[in-house]
Amino acid sequence: MLFALIAALFAGCADKKEDAITSFAAFGKPGMKIGVMFDLIEFETLKKDYPDAEIIAYNDSPLAYKDVANGRIDAYVYARREMELAIENGTEGVRLMDENYSENPVAVGVSPKSAIPDLQKKLNEFIAESKADGTLDDMFRRWVSEVSGTMPDIPVAAHPAYHLRVGTTGTVMPYSYYVGAELTGYDIELAYRFAAWLGADVEFRIYDFGGIVPAASAGEIDCIMSNLFKTAEKEKEIPFSDTLFNVEITAMVRDTGDTQPTATDVSDYNGKKIGVLVGPLMEDAAKKYFPDSECLLFNSYPDCVSALLAGKIDGFLGDEPGMISLHAETPEVDYIHETLAENNYAFAFRKNDPESAALCEELNDFLTQSRADGTMEELGQIWLGNDEAKKTVDMSDLTGENGTVRVVTTSTDMPWSYVKNGKNVGYDIDLVVRFCRARGYALELGDMDFAGRIPAVQTGKYDFSTDMNVTPEREEQVLFSSPTANGGIVLAVRASADARGAAKKGGGFLSSVADSFEKTFLRENRWQLFLAGIGTTLLITILSIILGTLLGFAVFMLCRNGNPVANTVTRFCVWLVQGMPAVVLLMILCYVVFGKFAISGTVVSVIGFTLIFGAAVFAMMRAGVGAVDGGQTEAAYGLGYSDRKAFFRIVLPQALPHFLPAYKGEITALIKATAVVGYVAVQDLTKIGDIVRSRTYEAFFPLIAVAVIYFILAAILTFIVNRTVLRIDPRRRPKDVILKGVKDK
């Protein structure tokens, strides 16, 4: 009876369907738990707008993403673009709401104590010039909109007039993050460009969000470039530059699966949000089949896929061959097998140009021959088939005796043109390479968004473009080759819930662990970051142990004989250090005590933990020596020993066994306590774990890896101390050492 009742209870829970959160109006329900990044002004506005909800501040967005997916909180309010990238990089079980809650301006924070004169004014002049010449727009497009930015070559000042210290986080993609061991992103390029404009060299210092504004306020850095929101609270602490751009603030909610109903008919999607690639053929099909829908324009299939999986659109239009390849690569995306429009694909050449027309005619001859000898059929079987081993393109034998052909393509257009193992491959690329090989050309490939390919051909930047749909409007702009392939337009949608679940399961737990290991350590050589973090952690720990031991011992020796001044000062200092959290002590040292000095965070950390460990050693020495009977000292005096010899030869050897066990425990505690040094711009092991986690959006493997490494480091240090203790244990001394100086009668 009991088992039946439990089974019924679980069945009832399974049948209960979770309500999807589709608008901010749902935040007004009593009991809602809403997370928000702690430094957003929305932390206060959410409290006012939704007084019945519990507003929870987060300092770690990946943790918030996990809490949303696991149901610990109902929503997380943060910047839309960062959360989109999190979903694109593997964060599962969540989606973004379509509407925005607000917009926040992003600017550069300026230190009021910077040594660079008129820094705020100089920043504003630089920003104004960069906006006027389009530099900032280009940077935003590359880094934020397309997430395809790479660091350009920016000239460095030969004789820098200033040293620019830039504070950043290194954990916020695409603004400031690590690729391997290199810092990159929008804000990093901005810093290099400003340094070149200013005639300065640049130094980056890494901080947690909670410590970066205090660092600027204290003068540790000259400015903050890390997607910093300009708020009234922060403006009380530091001045800001003019606004760089505005960030959309929205909410991430749990993906309950009921916001994307499975449908098998195109008409079911009329009235929903449909993604459309830029181009007349797709746009005309959207108007015809989805007249009541909101159509959103995209430049590439990856953008469409990301929007679909994030819940921003309900479907998107695409070419059927591309949808076949897309579904094979991403099972979460499927398509409805109903052709909306027939179309031909062809290469596009410059119109009204004799040389271009001649090249087009040469290509047409090659295409005619390829159809006749079965080459075109072979290409279709390779690039629309399932044998990945055949999907390679060899360009090494292109001779180029007849010149070089410049071809523009879009390398995100499977199966026509894409990148595999760092090389350009695809149906179009294979076809172009075969043409060049047959006609004695070398090949120069260019890659750009689809919307830019026709202008690139028209201006002569490239000789021709790879496949595009042939339409009357385009025929007025470019000269098309004979058709290279035929296809049709279909509607891509999210796969059924069962198919999505099967796709997520993959090869099971071991496969998931292997994939996580690859992303955490092997991809982009991230193991090098972990090695650097281990080195920093060990350096701080070992130096703090050595210096702390010497400090504690020296202070004890000053206070041993009851010096009232030394004892009073020491008791106060020990009380102060031991009563204060380590992170607070480090921040006081960094931003107050050494705020005006150019001291690295590593040195500050060593000083802070030397004080902490020294205070512990002083307390242990007092306890250990106090456990030795006072008669031992009196007996030593009676034998003619001086005070110093009595302490080192009689008292200290007997005190060691009393405090050495506690000493070993303090070492283990110290190495774990160093995990907070990220607050003072130190990239220790814990900070490296945060950096990697911000790139993989996975919590399990980076955190477990960091924990295991800490266990290993603590075990190694404890082993070394144990061996040292055995060597100095007075009870293990040989007889001749014990009786040294004693005459044997």
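No experiment lies behind these values; they were computed from the predicted model shown.

Scoring rules and cut-offs
Residues numbered from 1 in each chain as written. Predicted model: local features only at pLDDT ≥ 70, side-chain atom pairs only at ≥ 80, totals over all residues. Heavy atoms only, no water. Helix = DSSP H or I, 4+ residues; strand = E, 2+ residues; numbered from the N terminus. Buried < 20%, exposed > 50% of the residue type's maximum accessible area, 1.4 Å probe, protein only. Contact = heavy atoms within 4.5 Å. Areas by Shrake-Rupley, 256 points an atom, 1.4 Å probe, with all protein chains shown as cover. Salt bridge = Lys/Arg side-chain N within 4 Å of Asp/Glu carboxyl O. Pairing = 2+ DSSP bridges. Phe/Tyr/Trp six-rings, centres within 6.5 Å; stacked < 30°, edge-to-face > 60°. Lys NZ or Arg CZ within 6 Å of the ring centre and 35° of its normal. 1 Å grid on protein atoms, 1.4 Å probe; cavity = no way out; pocket = protein on both sides within 12 Å on 5 of 7 lines; lining within 4 Å. Points joined across faces, edges and corners; volume = space filled by probe spheres on them. Nonpolar A, V, L, I, M, F, W, Y, C, P; charged D, E, K, R; others polar. Patch = residues over 30% accessible without salt bridge, like charges linked within 9 Å, V, L, I, M, F, W, Y side chains within 5 Å. Lys, Arg positive; Asp, Glu negative; His and termini not counted. Charge placed at Lys NZ, Arg CZ, Asp CG, Glu CD. Core = buried A, V, L, I, M, F, W, Y, C linked by side-chain atoms within 4.5 Å.

A.B. asks: Explain the overall build of the protein chain here, please?
C.D. replies: Scanning the protein chain for helices and strands turns up 28 helices and 24 strands. Of all 745 residues assigned to the protein chain, the portion counted as buried reaches 48%. Expressed as a percentage of contacts within the protein chain between residues at least 6 apart in sequence, the contacts between residues at least 24 apart total 75%. For the protein chain, the accessible surface area stands at approximately 35,200 Å², while carbon and sulfur atoms represent 56% of it.

A.B. asks: How should I be thinking about unusual backbone geometry in this particular structure?
C.D. replies: Omega for the bond connecting Met-173 with Pro-174 falls within 30 degrees of zero, at 10°, which places this linkage in the cis form. Even without being a glycine, Asp-118 presents a positive backbone phi close to 50°. If you check the backbone angles, Asn-352 has positive phi at about 60° while not being a glycine. Residue placement: Asn-352 occurs in the loop between strand S16 (333-350) and helix H13 (354-373).

A.B. asks: Just checking my understanding: could you explain the pattern of salt bridges for this structure?
C.D. replies: Inspection of the entire model under this criterion finds 22 salt bridges. In this structure, the salt-bridge partner of Arg-406 is Asp-463, at a minimum N-O distance of 3.1 Å. Here Asp-463 lies in the loop between helix H16 (453-458) and strand S22 (464-469) and Arg-406 lies in strand S17 (residues 404-409), a separation of 57 residues in the sequence. According to the relative accessible area criterion, Arg-406 is partly exposed, its value standing at 26%. Of the charged contacts in the structure, one is a salt bridge between Asp-430 and Arg-434, with a shortest N-O distance of 3.0 Å. Residue Asp-430 and its partner Arg-434 are both found in helix H15 (residues 427-439); the two are separated by 4 residues, about one turn of the helix. Look at Asp-430 and you get buried, because its relative accessible area is 7%. The exposure class assigned to Arg-434 is partly exposed, which follows from its relative accessible area of 21%. Residues joined in a network through salt bridges with shared partners are Asp-138, Arg-141, Arg-142, Glu-146, Glu-189 and Arg-193.

A.B. asks: I'm lost on the environment of Lys-66 in this one. Help?
C.D. replies: Tracing the backbone through its elements, the reader meets Lys-66 in helix H3 (residues 61-70). For Lys-66, a relative accessible area of 33% gives the class partly exposed. Between the alpha carbons of Lys-66 and Val-94 there is a distance of 8.9 Å; along the sequence they are 28 residues apart.

A.B. asks: Please explain the sheet that holds strand S7 (residues 171-172) as it appears in this structure.
C.D. replies: Pairing is antiparallel across the open sheet formed by 3 strands, whose spatial order is S7-S8-S9. Two strands in the sheet have a free side with no partner beyond their single neighbour: S7 and strand S9 (182-184). The pairing of S7 with strand S8 (residues 176-179) spans 2 bridges and is antiparallel. Residue pairing for S8: Val-172 is matched across the bridge by Ser-176.

A.B. asks: I keep staring at the packing of aromatic side chains and nothing clicks. Help me out?
C.D. replies: What characterises a pair of aromatic rings is the spacing of the ring centres plus the angle enclosed by the ring planes. The full count for this structure, using the stated rule, is 28 aromatic pairs. Among the aromatic residues, those joined into a cluster by ring pairs are Phe-553, Phe-556, Phe-618, Phe-647 and Phe-648. Across the ring face of Phe-647, the terminal group of Arg-560 is positioned such that the distance to the ring centre comes to 4.6 Å.

A.B. asks: Help me out: how do you make sense of empty space enclosed by the protein in this one?
C.D. replies: Space left empty within the atom packing is revealed by a probe, the size of a water molecule, rolled over the atoms. On inspection of all chains with the given rule, the structure shows 2 cavities of 30 Å³ or more. For the second largest cavity, the calculated volume is near 40 Å³. What lines the second largest cavity is Asp-39, Tyr-78, Glu-82, Val-172, Phe-209, Asn-227 and Phe-229. Here the residues of the lining of the second largest cavity are counted per class, giving 4 nonpolar, 1 polar and 2 charged.

A.B. asks: What is the right way to look at the pairing of S8 in this model?
C.D. replies: Along a regular strand, successive side chains alternate from one face of the sheet to the other. Hairpin connection of S7 to S8: 3 residues between the antiparallel strands. Sheet topology note: the S8/S9 ladder contains 3 bridges and is antiparallel. Looking across to S9, one finds that Val-179 is bridged to Glu-182. Count of turn residues in the S8/S9 antiparallel hairpin: 2 residues, of which Gly-180 carries a positive phi of about 65°.

A.B. asks: In this structure, what is going on with a negative patch on the surface? I would like to understand it.
C.D. replies: Together, Asp-118, Glu-125, Glu-129 and Asp-133 make up a negatively charged patch on the protein surface. The topology assignment puts Asp-118 in the loop between strand S5 (102-110) and helix H5 (119-132). Residue classification places Asp-118 among the exposed positions, given a relative accessible area of 54%.

A.B. asks: Looking at this structure, how should I read a nonpolar patch on the surface?
C.D. replies: Where nonpolar side chains cluster on the molecular surface, the patch consists of Phe-700, Ile-704, Val-708, Ile-712, Ile-716, Phe-719 and Ile-720 and spans about 670 Å² of accessible area. Relative to the helices and strands, Phe-700 is located in helix H27 (residues 700-728).

A.B. asks: I keep staring at the nonpolar core and nothing clicks. Help me out?
C.D. replies: Side chains of nonpolar character tend, in soluble globular proteins, to be buried together. Counting 71 residues, the largest nonpolar core has Ile-224, Phe-530, Tyr-663 and Leu-685 as its most contacted members. The residues contacting Ile-224, other than those within four sequence positions of it, are Ala-107, Val-108, Gly-109, Gly-167, Ile-212, Val-213, Ala-216 and Ile-238.

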